Structures are given as C-alpha cells and as structure tokens.
Amino acid sequence: MTRNSRTLVCGTPWRCLIIIFSLLVAPQRCDVAADSQILQKCHLKPFGCHKPPSETVKVVNTVPDPETFYRDYIQTSTPVLMKAGAAHWPAIQKWPGNEAYLVEEFGDEVLKVDYSKAWNNDFPKKKRMKIRDFLKIYREESVYLDSPVGLRSPFYKDMELPACLDCPDQAEKLTGFNMLYSSGNTSYVIHHDGQDNILTLVSGRKSVVVIDPKFSNHLYVNDFTVLPGLAPLEPEKIDLVKFPLVAEVDYAIAELEAGDMLYIPQMWFHTVKSKGDPNIAFSIWFTSFPQCDDRMEEEFDPDVMVVESTAVYLQCVKEQPPEISCKPGPPRSLSEIIELLPQETKEGWVQGYKSGDMKEVEPVPDKKMASGYTIPVLGLGTARMFQQTYEAVLIALKSGYRMIDTAQSYKYSEESIGRAIKDSGVPREDIFLITKLAPKFFGFSSTKKSVDVSLEKLGTDYVDLFLIHSPDCQEKADDNDDDDSFRCPKDNPKASWEESWKAMEELHKKGKIRSLGVSNFFPKHLKKLVSMAEVPVSLVQNWFDPIFRDEATREFCLQHGIVYQGFSTLGTQWSEIIDDRFMANPILVNPTLHSLSISLDMSVPNIVLRWAIQKGVVVIPKAVTEKYILNNLNVLDIDLSEEVMTTIDLSITPVEIDEDGEPILDDAAVNRIMGIENPPIHIPDFRMPSGHTIPVFGLGTAGMMDKTYDLVLFALNAGYRMIDTAQSYYRYHSEEEVGRAIKDSGIPREDIFLVTKLAPRFFGHDLTLDSVQESLEKLGMDYIDLLLIHDQNCSDPHFQCAPDEPKGSWEESWKAMEELHDEGKVRSLGVSNFYPKHLEKLVSMAEVPVSVVQNWFDPFYRDEATREFCEQHGIVYQGYSTLGGMWTDWMYRKKTVERLKNPVLASPVLGKLSKILDIPVANIVLRWALQKGVVLIPKSTKEKHILSNLKVLQMELDELSFRVVEEKIAPVKINDDGQPSIYEDDDEWNRIIESADDGKQEEIQVQKDNKDQKRTNLFQLVNLEDETIFIGSDDGKMYAFDGETGKVKWTFKTEEDLGSSPTFSPDQSVVYFGTEDGHVNALRATDGQVVWRYKTGGSVTCSPSVGADGMVYIGTLDNMMYAFTPDGAVKWSRDLGGEIWTHPAIGHDGRLVYVGVMAETNFNAFALDSQTGTPAWSFKAAGPIWSAPILSQDGRYVYYSSRDSHIYTLRADSGSLVRKFDVGEDHDGVDSTPVINRDGTLFLATVGGSVMAVDIRRGKLRWEKMLGGEIMSSPVLDNDGYLYIGSGDGHLLKIKQKDGSVVWKFPAGEEVWSSPRLDKHGRVYIGSISGPVFCVDRETGRAVWSYETEGPVVATPQITTEHQYVYDYGQGTETKDEL
C-alpha cells in the first residue's frame, strides 16, 4: 500500500516512529569508530564484548496459566524463562544418555542435519538422514540436527503442550515444532524466527542472548545476506568497523538447563550457544497475532524491509486486547491437539519451510551414455576462470567433484586442469574429463592434431568426452577480441564440423576419446549429425536455465537416447545476450526463486541446479571460490517436491528460441527477463507557466528509506520519467540515492523530470541559495526541473526545525529561488502545502510565474478550492498521497482509533467498483485523479505496485465509473489552512474512519446491472421445482426451456458464440457459464437477470465446475484457470500454459481441482489447490488434452484422455502414473470425456468415430463399436445397462453397455458435439450442430419436442436438480481393487 504523508515523509504513525528512530541513531554511526577503546577491545570479538548485559530475562518457577501468559508476556512482547516447565515430559526422563531408546522408538524418523555447528554467514550444507544414522556420527563429525518435525511424528508421545498454551484458542495457533540435537558447542546467527517460540531444553545447557526488536536497525537486518530475519553478523567475531551500531545494542541472557522453557516473542532477536552432550531441544512455534502479520505485509515487504516491518508488527501487537478469557478443553495428548488444528495450519506445517514428514534424498545415479560409459550429473565448469582455474579445480576435486569441463578455447584452462588433477591425488580413472574442439581447428587433420595438444596439456592419454564447441565459425574476427578460437581456420576457411566429427570417430577407435558429443547444436544441426554419425552421439551440451529451457533440443535428445548437459544454468549468459553487463542476473534475482529460497531454506543456486537435475539435465556450474564450489555440491543432498518443480515451471516464463538456438527477444521478453513486466510507455505532459512541460505521472520517494536507490532505478527502467524527492528526506539520503539511480539508469538527464523541495528550516535568502546548491551536489545535477517550497512554516515535526528556525520567511526564499531560476539552476518554481490564502499572496509578489502547486489530494480530500485557484491562474496542480496514506497520519494525530486503516483503499464503494471492473482500487483512484487533471506522484515500496501503478496510463474510466467515485464518496470539508474538518466534526471523523456504508455498494451494483439486464428477455419466470432445461447456442444466447414442452422461459444474449455448458450454484439459484466474448456469467436461474459478469482475457468455451462451498472454477482459451467466489470476486487465477476447453473436476474432499490443457510441450494435466490455485502436482501427457478429467468413484484416481490416443490413470493425490491405456493411433485421439460404470468399465469415444468399453483396472478392451464421424460428444449411463451418446454423423444413440449393440438411433441433423443429459422422467436432451435442441423419449428414441436456435448447439444441457437422473454406482469394485 502507498502511505504518503502531507510532507511526503511518513504516512502511518509507526512509520513515523521508524523514521524518528532512525534520526536518533544515525548520528551515532561515527561515535563507535571514534571510540578507540571499544574498537580496540571488541573488534572481531564475540557479541557481548561491547557491553555487559543490560538486564536478565525474567524468571518464573511455575508455568503461568494461558490467561496470565497472554496478559503478562505475549501481549507485552516480553521474554520469560519458565524454570522446569517441561521437567515432567517423558522426553526429559528417557532421552538423555539413552540412545538405544531413541533408535528403538524413533530410529527411522528422517530429519534435516546441518554439516556445520557454527554460523558462517552462508547456507550450510544440509542432508536428510534417519535418527539412527545421525546418532552414529554426531559426536565424531561437525553436524547439527536442526529440523522441523512432521505432523504425525512419534516424538510427540514423549512431549506435552506447554501449560501456558493449554486452552483451545491458544493451542490452535501452533504452527510447528523444530528439533535441535548436537554434541554441544554450537552457535547460531543473531536472528528472529518470524513467530513466537518456546525453546524447550531436553538435555544439556543453552545460553540464549535475547535482543529487543527496537535494535533491529543497529543489527543491520535490512542488509541480510542469506535470509530475511538473519542479521549479517558473525556472532563470534563482530566487525565493528563495518557494523559500528552493534556497539550500542542492549541485550539480556537466559541460561537454560534441562526441563527449562524460554519464551521468545515474535520479532525478538536472539542467538543461542549450546553446551553439554547430548544437547537436545525443541522450538515450539506459534503465531499469536496473525492479523499483525497481515498488516505488516500490507505496509512493507517483510522479506526486504525487515526493520520497518518489525516496527509495524510491534505497533500492531500493542493495539491487541490486553487480556483473553480461556476455557480449558478436555485433556488431550499433543498428537490429538495437532490433529485438531485448522486444515490451513496443517497444510502450512507440511508444505512450509518448516515442513516435516520428510524422506531421505535418493542418490542421483550417473547417466549412461550411448557410448556405454556413464557421466556424473554434477560437475565443475571452468569457462573464463583464467588464472584461477588451477586453484578452483583443485578445491573441487578435493571436495568431491569428479567431473571437470573445459575447452580448447578457455585460456590457461587445459594445462591448469592437468596440473590440478595431478596434484589432487585423485586417480585419473575416477575423474570424468570433458574438453571441446575450438572451431578454428575444424577439419580432419586439424582436429586430430588439436586433440593431441589437449591431451598433452591435460597430462592424460584420453578424454572421457570430447565435444565440438559450436557448429559455426566466424569468418571475420571481432576487432575487440584477441581470442581467435571461434575463427574459421585461416588455412582452410571452408573446413566443416562434419570433417571434424569423422576425425573424432577415428580418435574414438584409437582410445583417445571415449565418448563423442557436441555443444551449441540444435535440432536442425543434430538431425544431420545423427544421420551421418557412425559412433553414436553421447551428449549435447547447450545453454539451459529456467528462462532458456531449450525444450526442442531436450526433446530431440530424449527421443534419440542422447544425454543433455546444460551450461550457464545459473543465468550468467543473460548479461552477454542482452548486452548489459550491469544488469542483475535474472535467475539469481527472480522473485519466485527468491521466495522459494526463503521458504525452503536453500540458496537460489541450489534450487535452480536441483530443478535442472530433476528435469534430467546434467549440470556444470562454474564457481571460483571455495564457498560457492561447496555450496553447489549441496544439490546432491537435497531434492525438490513436485509442487516446487511445478511452481518454477509455471511461474517463470521461458523465452522462445529460434532454430539456431537464439532467444527471440522482443521488447516484452527483454522487459520480462529484466523484471519489468510492462514495456516503457508514453507518459503525456502538461505545459507549465514556465514554458517547460511536466509529465502527468511520476514516482514519489517519501519514506522509501534505504530502498530509495533500488526502487528509483527500477522505476526508471520501467518507464517512469518524473522523480519527486525533498531536502527533508535527508535522513535516508534521498537526494543522493535518487541522483545515483538516475546516473546508473543510463537514461539521458534531459529525459528525466526531477522535483525536489526546499525544507522550511532553510527559509531565508542565503540559506535557500546554499541549500539548493547542496541539493544539486547531492543529486549530481546541474539543474533541477522543479523546485518547490515544502510548506509555509515549520509546523510539521518532520522538518526537524530547531527552536530558532526558520531564520527567514518563505517570501525571502521565493526571491532567492527566482535568482536560481534566472541562473538556470532551477527551471520551474512552485510550492507544496499552500492553499488559496497563501497562494494569493505568492501570485501577487512572484516575478517568475508559479508553475506547480503540490498538495494532498485523494477521493476524500479533494482540495477543491486550491484546484480551482490553480485553474484560474494557469498553475499545474500536483497531488500527493492520492491513495490515502495521509489519512492514517491524521487518524494517528486524532488518537482515538484502535486500528489504523486507509479509508481510500478500504472503501467498500471502491472495493465493489474494483470487483466489477476487475481493476485494482489503487488504479481506479489514480486514473480518476488523472481524469480530473491532477498530476500524480504515487509512491510504493514494492516493485509490483510500481509497475501496476503505471498501468493507469493505458486505461480509462468510463463516465459511469468516474461518477461512482465522484458521487458515492463524499469529500471532507477543508479549512483555509488545508486542515480537514475531522478535528472539529465528530460525524465527519466517524464517517471517514468507517469509510462508506454498505447501502452505496448496492447502488453501484444496480447501476452496473441496468446495462446488462437489457440482455435478458423474460417470457416466464422459472419455478425451480419444475423441470427446466438450460443450454447455450452459438447464436450467442443462453436458453431456459420448459422440460416437458420446450417452451422458452427466458433468453440471455451475449456478443459471441456460447459453447460453454451451464452449471448451478449449490442452492440452484444461480446458473454459471462462459462465452466466447471472454465473459464468465452468473445469472439468476429464475429470470436470467445478471448476478455478476467477469471479463477474462480470452474466450471461455470451458464449462464451469462448482464446489460444495459455492466456489466457481473455469478455464479460458488464453491458458488461464480462474476460481471465483459466489459473489464474483476472483479468488485466484493461474496461467497453465495451454488452452482450457472443457470443465475441471473437483476432488471428493474439495481440496483439489483437476484440469487438462491443450499443451504439447509443457505439462498438460494439473491438480490445483482449490483455495490458492497452487499446483499440487502436474503431469505431461504425450499429447494435448481437450477433454475433461474424471475421478474414480472412491476419488483415489483421476483419468485424463489425450489426443495422443491414450487414457492416463493417475493417482489423484500425487499425480503419479498408474496406468496408460493405448486406444490406438488409428483412432486420432480422444476429445470426448469418458465415463465409468459401477463395475469399473470405462466408456470412451474417439475422434476416429468409435465407442469403446475398457476394463480400466486391467487395461483391457472389452468391446469397440464404430459409429461414424468424429465423436466429440461424451457418453452418459443409465441404471438399466444403457449408454447414450451423440455421433459425428449426426445421431443420438442408445447403446448397450455390455456389448455396444445399438438399441436405437435418433437423427439429429449434422454432427452432434453436445453431450446428452437424462432426466428422471424417461427423457434425454441434446443439442445439434444444425441448431436444434432435442428432447427424446429414452424408451422409443422418438422426439418429444425440439426447438430451432439460430446457431450450432455444441453445449451440453443442464437440468434443474430435482429432475436430474442419478446414476447409482452401488458397491462396485472400484473401491476395492488396486490399480
């Protein structure tokens, strides 16, 4: 959310506190460096050397009851040591010194083990292992078990819920247990856990340092290097030169003995030292105030701005109720308590980074190549290591690497590697060595000679794998490149890679090369190579990363049994391809990968490399330092879940690649790779009285703190061209950081409009001249585009005026500004926080015209008098705090509100309008302001909001929507000093803090409905107790028919074809369907009136599915899957990478939604979390999926029919393949959705025109019946042994389930794509491509009635619930037989 203040410094009270706090500590940065005694004594010494503990942690000898614990410690955020609080635990009695018991009871439990006992400011190597194996090594090796415990862990039988949490309301806030086990002598980084923690010691001793969160700035936590919440300090050697504020940190120490419990409140920093062997403990995590977590995330990104988000959380805690009332529940074991936790909590317990229920990582086997040799899946790349090659390779070999990749073109590489292999002591036969032919050696004899040279440099008589480095050579050398490795041979410029391959085959026969391959070859080259090769192609080595996935080459390799190896898997290639050596590596800074890194407690490189390995890619990451060489080796001891794999696959959009292997990089692709979702767009200008122009849209920087540089640079790259700053933002160096960002952006200075503001403390002629000169120096500029006086006086505390300031008047400053204008140092002049009574005086005295007035402006605070004054005098009006951030500041000053909220962003009127238009509230407000002629400078501390705000330039509010904002939100009155009337008028105050009343939302809905109700033609109300048939036609209408007579009751008209089949809400009051004009529609079933409509980005032919909770799931042809709440709000949406044509299936328990998509190269079968849309699993069928998935009767299996002529049986919970039934290629695929009868027979129809009965459990065909034409219709069953289906040759058929014999055939015109529906009264309904809707007697096959629509009918009818036919599955064997 944007939170601007009137002075553009702070927008919420707690943000003000943060800034004030920063002001207090900032001057002390130099004091520590000046204090030579502290520096000499404590620099690079353990934390605590700088001063003794300021206090001791409070100690209690009994565990308080839940009410006391909440009142005295949780709500006050106070640590407490509860002596002997767990002394009665069975674990305390049984575990210490009793490893035999631990092995017997828990030996097969798998937990995470760190291969480090002390923090070294990096991700430690981790390995999952069984308790029994850990106990064998923990005393001999430097290992530390620090691991989450699963939901159903047997550990809980020896533990109990702490008595201080023993009431139902508190117990349900548990979020996880973490086990700590070592031989002692461990230490950990200064950190906070992000939730409440009761550290419970089972054995040994622990010394815990706890630090109040108010010192978060002193701990430099915003400068974290590994994970948010972890200070960038090494607790055993604090660098006081680099981190001087640490010397001011107060702390307390708690000493724990076995049985003690230490409560560490959320956001409190701590570091722990363990003593005594064995040292065993548990962290019991819980979240007391989830609402404060939500507010924190609304205000700041806690993964980036740790200091600021911490302050927001603590302020929120203070606002919570001071006491709770706790009614103890019945006695329960810890396992029972955990089992009764909310489902959301349990899912987070299992899926979050503290997940338990782990398994050991399966070893990744070497890959066997076509040559018969094997290759490791991980090796070391050495490109561009130059003189560092020897040392890096030696470290790698001694650390366990056994594959080294080099090339003839790498300077110093082959000889350095040869030396390193010799010096490593590793036997040559244990090392897999790769080198590559430089194109300058193309040709038969040149290749043979070059290999001999390589062998000599490497000090070996064979290479394991020899690759052609590229299929192309350069005819002309780059003038700036002294490396001729890729030049065509000077003596033989026509030499080819084909000749070299033949030479390599000869060297293979002589034993000098064991396996052959190529690099930078793509399918067009590989086809020729495979056809000519006598020695098989063993490997292809190409560029591969999450953005450049080289799918065509990988598919070719898969088909031809060739191993695929990726280089530049960590994204180093992109800066060269985009030709921007200063760009951030798009892989290492990717937001999805960053989030996964936090949640999985893994480094981004580890995640990417493991993702590649699990996709079947051999990786050779380059690393020069020991730290990164060892870190990359971790990937062999971790694995990624299917959910994480799918998240990476779907969240990161790969580039398209041409046949030469070049990425296709249009502007949109480059912007996406560089993190700019939208390409730069044109921003219009307003002409000012000065003659210069000002962009109508820019970026405000108030309160950006230490993120100013990054955010301004991002905004400039995204297309922003106006930046607003101020002298009063000096505490976080705003002007300096803005100037630095402008310089580093590479954008010409003349293309950027720069605004800064004169602080009132510098009023007076000379002070103004000096301060502006200082601003120019800080900004690194020769001129300022617009200089504003920030306020008429020092009344606002943010200006930090001294008691005797200002020393002059704003009038004197204006005259000085006019001099600066005449000198060319300032191009345009203006003021901020001036109102008509001030402006009249200014205009009368100004010799240089007033160009801009910048004031607070939003839907509640419209500043109409000032805007009218500006309009009359030709002055441009600029608004700040347009998204309402100022209101939270005013509410704070009022001091009577319990919880601060932004009335603009929380307005129900704007919220309802947002839902109707599917546009964020922020964008509606900003666009409304633009259309009122206001120049805008919204601020955001999140990149996604910076991009989203920019979209307002590409949209427009229609007259009705504009009027909603104008008329439904009543602005406050403003006095002549600009103060809103909320201080004097309590009614106004209450109206603002309560925002708008609900009645006005209904008026918006009615106005919106009036436009859509013209689509409905009502002939007769539908009585839901009567049989009514709902069906759509490609004439664009949804019809409601009387089931008995065919009489039309109502129609609803859309713009385009209507092939989506309707579905009811759970209470049958609403009918949902999609249309090809991109809408999802919700109509009242009784009269066809619109309940809501939502416009998607693509055609909607998919039929919706509705959950028991009323959630509506539907897909579109632009690859999107949507979930809507019953009132039409988008719960979630997800791009699945392929068109979605038919309805999803909902799992029996409602947790998962199954859907198939028309994708050939990507995943095309998905199970999505019904609440979040996150893929639970994904599966790739060999062909695209057009038809809908179906579930077995017991919900254990899901069946997908594919256009590759297969039926895939997958486990519904995991997506693992159980069986694949081959329908036969001659049937041209399956587009019809199958159905299963009570005996487990699956009936399906093929595009080739036949109907089949398949014993799906055994994969056997029972019978097949050819009907004719392509069959798109899906079969339905009755309880009498018959099947009904439409055929491609224009018939509705009744068929016997036992043998496929036809009972009757009803002529329905042309093709029948519609699927039949049965009612309870012996009728069957179906549509036809010819246009009619038919009602047919099931017994005789004769028409009861028909209705001719004006377009093809491909949709399937829907029948009112009471009259639907119900197929009885009985006690079929589906639930008993294992597939």
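For the structure, check the block above.
First, a word on scope: everything that follows refers to the structure included in this document. (Residues numbered from 1 in each chain as written. Predicted model: local features only at pLDDT ≥ 70, side-chain atom pairs only at ≥ 80, totals over all residues. Heavy atoms only, no water.)

Notes on the pairing of strand S55 (residues 1250-1255)
Phase 1: Among the six residues that make up S55, six are buried, leaving the element largely enclosed by the rest of the structure.
Phase 2: Pairing of strand S54 (residues 1241-1245) with S55, which is carried by five bridges, proceeds in the antiparallel orientation. Residue Phe-1243 lies in a different strand from S55, and its bridge partner there is Ala-1253.
Phase 3: The pairing of S55 with strand S56 (residues 1260-1266) spans six bridges and is antiparallel. If you follow Ala-1253 over to S56, its bridge partner there is Trp-1263. (Buried < 20%, exposed > 50% of the residue type's maximum accessible area, 1.4 Å probe, protein only. Helix = DSSP H or I, 4+ residues; strand = E, 2+ residues; numbered from the N terminus. Pairing = 2+ DSSP bridges.)

So, empty space enclosed by the protein
Phase 1: Evaluation of the coordinates by the stated rule reveals three cavities of 30 Å³ or more.
Phase 2: Considering only enclosed or pocket space, the second largest cavity measures out at about 50 Å³ in volume.
Phase 3: Ile-74, Ser-77, Asp-196, Tyr-263, Pro-265, Gln-266, Ser-288, Phe-289, Tyr-313, Leu-314 and Val-317 together form the lining of the second largest cavity.
Phase 4: Among the elements that line the lining of the second largest cavity, the one with the most residues is helix H10 (residues 306-318), at three residues. (1 Å grid on protein atoms, 1.4 Å probe; cavity = no way out; pocket = protein on both sides within 12 Å on 5 of 7 lines; lining within 4 Å. Points joined across faces, edges and corners; volume = space filled by probe spheres on them.)

Digging into the packing of helix H26 (residues 734-745) against helix H27 (residues 765-779)
Between two packed helices, the angle of one axis relative to the other and the distance separating the axes together describe the packing.
Phase 1: The N-to-C vectors of H26 and H27 enclose an angle of 40°; their axes lie 7 Å apart at closest approach. Between H26 and H27, the angle falls in the class oblique. For the pair H26 and H27, contact is made by Glu-735, Glu-736, Val-738 and Gly-739 and by Ser-775, Lys-778 and Leu-779, respectively.
Phase 2: A class-by-class count of the residues in the contact of H26 with H27 yields two nonpolar, two polar and three charged. (Axes fitted to C-alpha atoms, helices over the stretch in contact; angles between N-to-C directions. Parallel < 35°, antiparallel > 145°, perpendicular 65-115°, else oblique. Contact = heavy atoms within 4.5 Å. Nonpolar A, V, L, I, M, F, W, Y, C, P; charged D, E, K, R; others polar.)

A closer look at the state of the cysteines
Chemically, a disulfide is nothing more than a covalent bond linking the sulfur atoms of two cysteines.
Phase 1: A full pass over the atoms with the stated rule returns four disulfides.
Phase 2: Two residues, Cys-167 and Cys-326, share a disulfide whose sulfurs are 2.4 Å apart. Of the two residues, Cys-167 is situated in the loop between strand S6 (144-149) and helix H8 (168-171) and Cys-326 in the loop between H10 and helix H11 (334-339); the sequence distance between them amounts to 159 residues. The pair Cys-167 / Cys-326 is uniform in exposure class, with both members buried.
Phase 3: A sulfur-sulfur distance of 2.2 Å marks the disulfide that ties Cys-292 to Cys-316. On the sign convention where negative means left-handed, the S-S torsion of about -80° between Cys-292 and Cys-316 marks this disulfide as left-handed. Of the two residues, Cys-292 sits in helix H9 (residues 290-299) while Cys-316 sits in helix H10, which places them 24 residues apart along the sequence. (Disulfide = S-S within 2.5 Å.)

Remarks on the nonpolar core
Phase 1: Judged by nonpolar contacts, the single largest core of 98 residues is most densely connected at Ile-694, Phe-697, Ile-789, Trp-814 and Trp-887.
Phase 2: Leave out the neighbours within four places in its chain, and Trp-814 touches Ile-789, Leu-829, Gly-830, Val-831, Leu-842, Met-845, Ala-846, Val-848, Pro-849 and Val-850.
Phase 3: Among the nonpolar cores identified, the runner-up in size contains 92 residues, and Met-385, Met-403, Val-463 and Ala-495 belong to it. (Core = buried A, V, L, I, M, F, W, Y, C linked by side-chain atoms within 4.5 Å.)

Quick word on the pattern of salt bridges
Phase 1: What the rule picks out here adds up to 59 salt bridges.
Phase 2: Lys-157 is paired through a salt bridge with Glu-105; the nearest N and O atoms lie 3.2 Å apart. Of the two residues, Lys-157 is situated in the loop between S6 and H8 and Glu-105 in helix H6 (residues 99-106); the sequence distance between them amounts to 52 residues.
Phase 3: Here Lys-825 makes a salt bridge to Glu-823, at a shortest N to O gap of 3.9 Å.
Phase 4: Look at the salt bridges and you will find they share partners, linking Glu-1027, Asp-1319, Arg-1323 and Arg-1338 into a network. (Salt bridge = Lys/Arg side-chain N within 4 Å of Asp/Glu carboxyl O.)

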